Amino acid sequence: MSRKKKEVALKASGYIPNRFWVLLPSAVSSFLGQDKRKEKNGVLTTAVEPTEDESPSYRSWLLPLYAVLMLGGFLFSMMTTPDNDKANYPEYGNHSVCAQEGVVYRFAVHPLYNPRRLFSVFIRMMDKINSQACGFKVRLVASRNYQSFEARTRQNDFEITLSNPSQALQAVKHGYRIIGKMGDDSQFCGIIFARRDSGITDIADLKGKILAFPSPTALAATMMPLYYLHNRGLDIKDTDIHFVGSQESVIMNVVLGNADVGATWPMPWQLLMRERPEFNNILKILWKTPPLVNNAILVRDDMPEKDARIIMDALVDLVNSPDGREILHEFTLSHFERCTIDTYQPVVNFMKDYVSTFPKELSVLQP
């Protein structure tokens, strides 16, 4: 694949170089191991920031030192030095209306989008919550990928999460409770798509093809499409499955011909088609799965009920103001609504069927 094509796909899939690396000379960037682009069997995957155990120890001091020498005290004053894993998860949010803010709640969103897009879309929602909060504020947290989001949820690292339904059911087992959800359940379905010039018209045409998915634990964009295809006669073992890290990576891999078929769900699909209308002439939707219950809002069990109620009130109230409706429009969503775990019984039933459907040798597909 040409360098130019790789750069296009990486840009769409959320590859954002560290701000210091952007300014360093290329020779130093190479020495420090800057190039985080990855390609597996010709399929691009989303780049991630290196963790402490992935980089030689000298990088931990050489990069900040060089940045200070090059950029001076101004940029140095903007740096934060969180410890260990949290250095990989930037957090943002405005102050609350109270003079005494009290606690800070970390609001983590599962990888609906790449981190750059996630912050551009969700930061205004954090501001709306903080405008109504008293005694606390919320900060938006980005996870590198599905796996890191799920691991930190199991460790109770977040006070609030927006999780897909299968993640939500797992989080309930680890000290969280469901207080609400995104509306528009009819939009929580899987989209299976290909290039218009692919020649694919029937499920039988998928035999021997490369299928791209974001992650094994993506409910609408992986599990529901796989279950749909299996029930219509496709033997998953006859395909070449690649997990490429994000919804946008899936779409871009199909656009560039690195994968024959991709799967996503309406929210990222509609947003990207709105931003890149030329993709409508390149891609076609082959099939849509039946819908399930949409993404859940959860809070940790130790959050006071009054704070949880303020947060959910702010989300439900978005539909009642012009700027709130603008935020919802960015999500391609009509509203948020209150609910409990009982709302997700259809997902419980689906997960039982899904896990029992695929043979154990395909354990990579198991959530």
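A brief look at the structure comes next. (Residues numbered from 1 in each chain as written. Predicted model: local features only at pLDDT ≥ 70, side-chain atom pairs only at ≥ 80, totals over all residues. Heavy atoms only, no water.)

**Focus on the packing of aromatic side chains**
Stated precisely, the cut-off is as follows: In summary, the pairing rule links any two rings of Phe, Tyr or Trp, Trp by its six-membered ring, whose centres are within 6.5 Å, and it sorts them by plane angle into stacked for under 30 degrees, edge-to-face for over 60 and tilted for everything else. When a residue's accessible area, from a 1.4 Å probe over protein chains only, is under 20% of the maximum for its type it is buried; when over 50% it is exposed; and in between it is partly exposed.
Taken as a whole and judged by the stated rule, the model has 10 aromatic pairs. Their ring planes at 20 degrees and their centres at 5.9 Å tell us that Phe-149 and Phe-158 sit as a pair that is stacked. Take Phe-149: its relative accessible area is 1%, and that puts it in the buried class. Relative accessible area serves as the criterion here: at 0%, Phe-158 is assigned to the buried category. Aromatic pair Tyr-354 and Phe-358: ring centres 4.9 Å apart, planes at 65 degrees, arrangement edge-to-face. Each of the two residues, Tyr-354 as well as Phe-358, counts as buried. Each residue in the set Tyr-227, Phe-350, Tyr-354 and Phe-358 is aromatic and connected to the rest through ring pairs, giving one cluster.

**Some words on the environment of Asn-294**
Operational definition: Only DSSP runs of H or I covering at least 4 residues are called helices, and only runs of E covering at least 2 are called strands; the numbering of each starts at the N terminus. Two residues form a contact once any of their heavy atoms are found within 4.5 Å. Between N or O atoms, a polar contact is any pair within 3.5 Å; within protein, one atom must be a potential hydrogen donor and the other a potential acceptor, and residues adjacent in sequence are included only when both atoms are from side chains.
Within the secondary structure layout, Asn-294 lies in the loop between strand S12 (283–288) and strand S13 (296–300). Assessed through its relative accessible area of 1%, Asn-294 is described here as buried. Residues contacting Asn-294, with those up to four places away along its chain left out, are Pro-165, Lys-181, Met-182, Gly-183, Asp-184, Asp-185, Phe-188, Trp-265, Leu-333 and Tyr-344. For Asn-294, the side chain forms a polar contact with the main-chain oxygen of Gly-183, separated by 2.7 Å.

**Quick word on the packing of helix H7 (residues 165–172) against helix H13 (residues 345–357)**
Operational definition: Note on definitions: angles span 0 to 180 degrees between N-to-C directions of axes, and those axes are lines fitted to C-alpha atoms, for helices only across the stretch in contact. Throughout this description, any angle smaller than 35 degrees is read as roughly parallel, any larger than 145 degrees as roughly antiparallel, any in the 65 to 115 degree range as roughly perpendicular, and the remainder as oblique. Residues were grouped as follows: Ala, Val, Leu, Ile, Met, Phe, Trp, Tyr, Cys and Pro as nonpolar; Asp, Glu, Lys and Arg as charged; and all remaining residues, including Gly, as polar.
As a packed pair, H7 and H13 sit with axes 10 Å apart at the nearest point and diverge in direction by 100 degrees. The angle between the axes of H7 and H13 places the two elements in the roughly perpendicular class. In this structure, H7 contributes Pro-165, Ser-166 and Leu-169 to the contact, and H13 contributes Val-347, Val-348 and Met-351. A class-by-class count of the residues in the contact of H7 with H13 yields five nonpolar, one polar and no charged.

**Here we look at the side chain of Glu-159**
Assignment of secondary structure puts Glu-159 in the loop between helix H6 (146–154) and strand S6 (160–163). Engagement of the side chain of Glu-159 in a polar contact is seen with the backbone nitrogen of Arg-106, the distance being 2.7 Å.

**Section: the sheet that holds strand S10 (residues 240–243)**
Quick note on the threshold: Two strands qualify as a pair provided DSSP detects at least 2 bridges between them.
Pairing in this open sheet of five strands is mixed, and the strands run S10-S9-S11-S8-S12 from one edge to the other. The open sheet has two free edges, formed respectively by S10 and S12, since each of these has just one partner strand. Here the average twist between neighbouring strands, direction ignored, is 25 degrees. Pairing geometry for strand S8 (residues 191–195) and strand S11 (residues 261–264), over four bridges, is antiparallel. Paired with Ile-191 across the two strands is Thr-264, which belongs to S11. Sheet strands in contact with helix H8 (residues 219–231) are S8, strand S9 (210–213), S10, S11 and S12, and its direction is about 140 degrees off that of S9. Against the sheet, helix H9 (residues 247–255) engages S8, S9, S11 and S12, with an angle of about 155 degrees to S11.

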